[in-house]
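Observations on the model geometry
So you can see what is in the structure, the chains are spelled out below.
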Amino acid sequence: MTFKFKPPKKRKYKSAVYPKSSGGLGSSNLKLNLLRILVAVLIVGIVAGGIITGVHFFINSSVRENSSSFTVEEENHDDELLRVVNKTTPLEKTYVPDLVDKGTYKLNPLAEKSLDKLLAAAEKEGISLYVKYAYVSYDEQKKLYEAEYKRYIKEEGLSEVKAQAKTNLIIPQAGRSEFQTGLMVSFRSKEKGKFKNSKASAWLDKNAKDYGFVLRYPDDKEDVTSMNANFKSYRYVGEENAEVMQSLNMCLNEYSYYVESRK
């Protein structure tokens, strides 16, 4: 007798999780729901990204604005501190800087604190040093110039041309003096003898730069400044500028041009 083997029939299991749908309707709903979720997530991402970008832009803009204002202010101060005043770059008659009244003299406020510290340091070391004058107005400078000019004519018998040429070497004409900026200081000492040979002059030569002051008319720069050496007149340029000027052995005329050429 011959037997024919019949394989068992495959059973069909119904999934409890993914039941068989009729006509593919459940699959379509699932795809639709996933698409909606994806779109919602995308929208939320775009909105959140926009908010973050806006906040980031606002913060950066504020920082740039504050930084820009600071930079402009610093640059303006530096321009004022390094301003050269002479025949080719004179000041207007109406130019008057901000000033603080120190009793016996007036001064540009940019130099006030540094000058106070300088004088206090000199006094602490027993150095006789005081300020004869600082700010000189256009009209006052004109009187100083004319008085010296007339003295050369009257006392030394110089011609008007020679008197003017000689006066120009020691006293700038009105509008050509840096005393009008309020940043120049004329020092004096109670020591006997010439100021350039005094302890006060030696102290200034060594320490003035630490307080932002430089000798305006050095004896080795007369060909540059077109002025005779003057050991009493110091100009405030700021501590950093004073330090660099001394290291480069430059007077204000040279250093101002040097800084401008590097911008």
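Keep in mind that this is a model prediction, so the values were computed, not measured. (Residues numbered from 1 in each chain as written. Predicted model: local features only at pLDDT ≥ 70, side-chain atom pairs only at ≥ 80, totals over all residues. Heavy atoms only, no water.)

**Considering the pairing of strand 6 (residues 230–236)**
- In terms of strand pairing, strand 4 (residues 184–188) meets strand 6 through 3 bridges, oriented antiparallel. Following the sheet pairing, Met-184 is matched in strand 6 by Arg-235. (Pairing = 2+ DSSP bridges. Helix = DSSP H or I, 4+ residues; strand = E, 2+ residues; numbered from the N terminus.)

**Comments concerning the nonpolar core**
- Residues Leu-115, Leu-118, Leu-129, Phe-187, Trp-203, Leu-204 and Phe-213 are the most contacted members of the largest nonpolar core, which totals 26 residues.
- Listed by contribution, the elements that provide at least two residues to this core are helix 2 (109–124), strand 4, helix 5 (199–207) and strand 6.
- The element best represented in this core is helix 2, accounting for 6 residues.
- The residues contacting Leu-115, other than those within four sequence positions of it, are Tyr-105, Leu-107, Val-131, Val-185, Phe-187 and Phe-213.
- Val-214, Val-237, Ala-242 and Tyr-255 belong to the second-largest nonpolar core, a separate cluster that totals 9 residues. (Core = buried A, V, L, I, M, F, W, Y, C linked by side-chain atoms within 4.5 Å. Buried < 20%, exposed > 50% of the residue type's maximum accessible area, 1.4 Å probe, protein only. Contact = heavy atoms within 4.5 Å.)

**Thoughts on the environment of Asn-228**
- Inspection of the secondary structure assignment puts Asn-228 in the loop between helix 6 (222–225) and strand 6.
- As a C-alpha pair, Asn-228 and Ile-171 span 57 residues in sequence and 9.2 Å in three-dimensional space.

**Overview of the packing of aromatic side chains**
- If you walk through the whole model with that rule in mind, you get 6 aromatic pairs.
- Geometrically, the ring pair formed by Tyr-145 and Tyr-149 is stacked, given 6.5 Å between the ring centres and 10 degrees between the ring planes. Here Tyr-149 and Tyr-145 lie together in helix 3 (residues 138–156), a separation of 4 residues that amounts to about one turn. Like Tyr-145, the residue Tyr-149 is buried in the burial classification.
- The ring of Tyr-152 has Arg-151 lying over it, and the distance from NZ or CZ to the ring centre is 4.8 Å. (Phe/Tyr/Trp six-rings, centres within 6.5 Å; stacked < 30°, edge-to-face > 60°. Lys NZ or Arg CZ within 6 Å of the ring centre and 35° of its normal.)

**Some thoughts on the pattern of salt bridges**
- For the structure shown, the criterion picks out 12 salt bridges.
- Arg-151 is paired through a salt bridge with Glu-148; the nearest N and O atoms lie 2.9 Å apart. Here Glu-148 and Arg-151 lie together in helix 3, a separation of 3 residues that amounts to about one turn.
- The shortest N-O distance in the salt bridge between Lys-221 and Glu-254 comes to 3.0 Å. Of the two residues, Lys-221 sits in the loop between strand 5 (213–217) and helix 6 while Glu-254 sits in helix 8 (residues 252–261), which places them 33 residues apart along the sequence.
- Among the residues examined, Lys-221 registers a relative accessible area of 10% and is labelled buried.
- Take Glu-254: its relative accessible area is 24%, and that puts it in the partly exposed class.
- Residues joined in a network through salt bridges with shared partners are Asp-79, Glu-260 and Lys-263. (Salt bridge = Lys/Arg side-chain N within 4 Å of Asp/Glu carboxyl O.)

**Side note on helix 8**
- Residues of helix 8 that are buried: Leu-252, Asn-253, Tyr-255, Ser-256 and Val-259.
- Of the surrounding secondary structure, the elements contacted by the buried residues of helix 8 are strand 5, helix 6, strand 6 and helix 7 (239–248).

**With respect to unusual backbone geometry**
- Despite not being glycine, Ser-226 shows a phi value in the positive range, around 60 degrees.
- Checked against the element boundaries, Ser-226 lands in the loop between helix 6 and strand 6.
- Non-glycine residue Asn-249 carries a positive phi angle of around 55 degrees.
- When you line up the elements, Asn-249 lands in the loop between helix 7 and helix 8.
- On the accessibility criterion, Asn-249 (48% relative accessible area) is partly exposed.

**Some words on the packing of helix 3 against helix 4 (residues 160–168)**
- At a minimum axis distance of 9 Å, the contact between helix 3 and helix 4 shows a crossing angle of 130 degrees. What the angle tells us is that helix 3 and helix 4 run oblique. Considering the relative orientation of helix 3 and helix 4, their crossing is right-handed. From helix 3, Tyr-145, Glu-148, Tyr-149, Tyr-152, Ile-153 and Glu-156 reach across to helix 4, where they touch Glu-160, Ala-163, Gln-164, Lys-166, Thr-167 and Asn-168. (Axes fitted to C-alpha atoms, helices over the stretch in contact; angles between N-to-C directions. Parallel < 35°, antiparallel > 145°, perpendicular 65-115°, else oblique. Left-handed = near helix turned anticlockwise from the far one by under 90°.)

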